[in-house]
Amino acid sequence: MNFRAVILLVIILIFAVGFGLMSFTSYDATPLNNAYQSGKVNITQNTEAGTIPHQVIINNTDTKPVSVEKGDVLVSNSSQDLVIAENKKIAPNSSETVNAYCFEPQQKASPGAKLVPNNQSSNMVKKVIEDSDPSNQQNATQAQLQIWTLVSGGNVDVYTGEAPAVVEKGNIYYYQLSQNLTNAKNDVMTKFNITADQIRNINITAIQNNTGDISNWFGGLMDWLNGFIEWIKNLTGI
């Protein structure tokens, strides 16, 4: 038997087992939306209007962990909609406080309001979240205003909804918030290489479902594994 072929087979098996374990540990948790649909999760708005970032309390009553991901959208009839700002696993029969950005600037947050998962936000919003640091007030505020720019088509009314609460809580003037929103709009145009007209026409309601994300993940894994096999072949001369 070709000794180099045996080495290649062993290496492939090791990586296959390793990635299989990684896959299992990554997806053993129930996605937030699925857990909510099965009645195993309660989500409550925890912070008052004007807070950046907002916080929600997620209570998991299931016997399995629940997976919360950046970009998960939460909607409410009595408070503003939110978008999750961090990845987190919530252990069985426990509660966690999770950071989230305002996703509906025309509506004020209402502490104690119940929220409902609603799939995931668009890639643009997710990119803003990925580039943000919710633990840094200035950075989080910049991200929040960029998200408002995207969801409003670049037209945020600073005198209604969450914006006046941000002015009051941040102890700033309305003209300052307006200027910050202008800066955020410019940042969005630069980040995504788009124009002001394109911002107005963004379909921010476009969502990604978890099945597509998993398929993309496995597709990327297979591409990487095929490339790795080719590299081993070149290395061993098989």
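Thoughts on the overall build of the protein
1) Next: A count of helices and strands for the protein gives eight helices and nine strands.
2) Next: Of all 238 residues assigned to the protein, the portion counted as buried reaches 39%.
3) Next: The long-range fraction of contacts in the protein, counting pairs at least 24 apart against all pairs at least 6 apart in sequence, stands at 68%.

Points about the nonpolar core
1) Next: One finds V83, Y101, I147 and W148 to be the most contacted residues of the largest nonpolar core, which totals 28 residues.
2) Next: Secondary-structure elements contributing two or more residues to this core are β8 (94-102), α3 (123-130), α4 (137-152), α5 (162-170) and α6 (174-192).
3) Next: In terms of residue count, the dominant contributor to this core is α4 (six residues).
4) Next: If we skip the residues at most four places from it in the chain, V83 touches G71, D72, V73, A100, Y101, F103, S121, V125, I129 and I147.
5) Next: Ranked by size, the runner-up nonpolar core spans 15 residues in total, among them L74, L82, I84 and A100.

A few points about the side chain of S79
1) Next: Within the secondary structure, S79 is located in the loop between β5 (72-75) and β6 (82-84).
2) Next: Within the structure, S79 has its side chain in polar contact with the backbone nitrogen of S110 (distance 2.8 Å).
3) Next: Excluding residues within four positions of it along the chain, S79 makes contact with Q45, E104, Q107, K108, A109, S110 and A113.

Concerning the sheet that holds strand β4 (residues 66-68)
Sheet strands pair via backbone hydrogen bonds, and the direction of the pair is either parallel or antiparallel.
1) Next: In spatial order, the strands read β1-β4-β7; together these three strands make up an open sheet with mixed pairing. Edge positions in the sheet fall to β1 (30-31) and β7 (88-90), since each has one partner strand and no second.
2) Next: Note: β1 against β4, two bridges, orientation parallel. Each residue of the ladder has a partner; that of T30, found in β4, is V66.

Description of the packing of α3 against α4
1) Next: Two elements in contact, α3 and α4, have axes whose closest approach is 9 Å; the angle formed by their N-to-C orientations is 175°. The angle between the axes of α3 and α4 places the two elements in the roughly antiparallel class. Here α3 contributes M124, V125, V128 and I129 to the contact with α4, which in turn contributes A143, Q146, I147 and L150.
2) Next: In the contact of α3 with α4, the residues fall into seven nonpolar, one polar and no charged.

Focus: the confidence of the model for the protein
1) Next: With 74% of its residues at a pLDDT of at least 70, the protein reaches an overall mean of 85.
2) Next: Across residues 21-26 the pLDDT falls below 50, and counting only partners more than four positions away or on other chains, this stretch makes three contacts in the model.
3) Next: Across residues 205-220, where pLDDT falls below 50, the model places 18 contacts with residues more than four positions away in sequence or in other chains.

Brief notes about α6
1) Next: Here α6 contains 19 residues, and its C-alpha end-to-end distance of 27 Å stays within 8% of the 27 Å for a straight helix at 1.5 Å per residue.
2) Next: Every buried residue of α6 is accounted for by L177, L181, A184, V188 and F192. An end-on view of α6 places all buried positions within 60° of arc, on one side of the element. Exposed residues pointing more than 90 degrees away from the buried face of α6 are listed as Y175 and T190.
3) Next: Those residues of α6 hidden inside the fold are in contact with α3, α4, α5 and α7 (196-200).

Notes on the sheet that holds strand β9 (residues 116-120)
1) Next: In spatial order, the strands read β2-β3-β8-β6-β5-β9; together these six strands make up an open sheet with antiparallel pairing. Where the open sheet ends on each side, the last strands, each with one partner, are β2 (41-45) and β9. Taking the axes of each pair of neighbouring strands and ignoring which way they run, one obtains an average angle of 35° across the sheet.
2) Next: Note that β5 and β9 share three bridges and pair antiparallel. Bridge pairing in β9 links D72 to Q120.

Considering unusual backbone geometry
Trans peptide bonds make up the majority, and among non-glycine residues the majority have a negative phi.
1) Next: A cis amide bond links I52 to the next residue, P53, at an omega of -10°.
2) Next: When you line up the elements, P53 lands in the loop between β2 and β3 (54-60).
3) Next: Unlike most non-glycine residues, N193 shows phi in positive territory, near 55°.
4) Next: Note that N193 resides in the loop between α6 and α7.
5) Next: Residue classification places N193 among the exposed residues on the basis of a relative accessible area of 68%.

Reading the values: the criteria
- Residues numbered from 1 in each chain as written.
- Predicted model: local features only at pLDDT ≥ 70, side-chain atom pairs only at ≥ 80, totals over all residues.
- Heavy atoms only, no water.
- Helix = DSSP H or I, 4+ residues; strand = E, 2+ residues; numbered from the N terminus.
- Buried < 20%, exposed > 50% of the residue type's maximum accessible area, 1.4 Å probe, protein only.
- Contact = heavy atoms within 4.5 Å.
- Core = buried A, V, L, I, M, F, W, Y, C linked by side-chain atoms within 4.5 Å.
- Polar contact = N/O pair within 3.5 Å; in protein donor to acceptor, adjacent residues only side chain to side chain.
- Pairing = 2+ DSSP bridges.
- Axes fitted to C-alpha atoms, helices over the stretch in contact; angles between N-to-C directions.
- Parallel < 35°, antiparallel > 145°, perpendicular 65-115°, else oblique.
- Nonpolar A, V, L, I, M, F, W, Y, C, P; charged D, E, K, R; others polar.
- pLDDT = per-residue confidence, 0-100.
- Expected span 1.5 Å × (residues − 1).
- Arc of directions from axis to C-beta.

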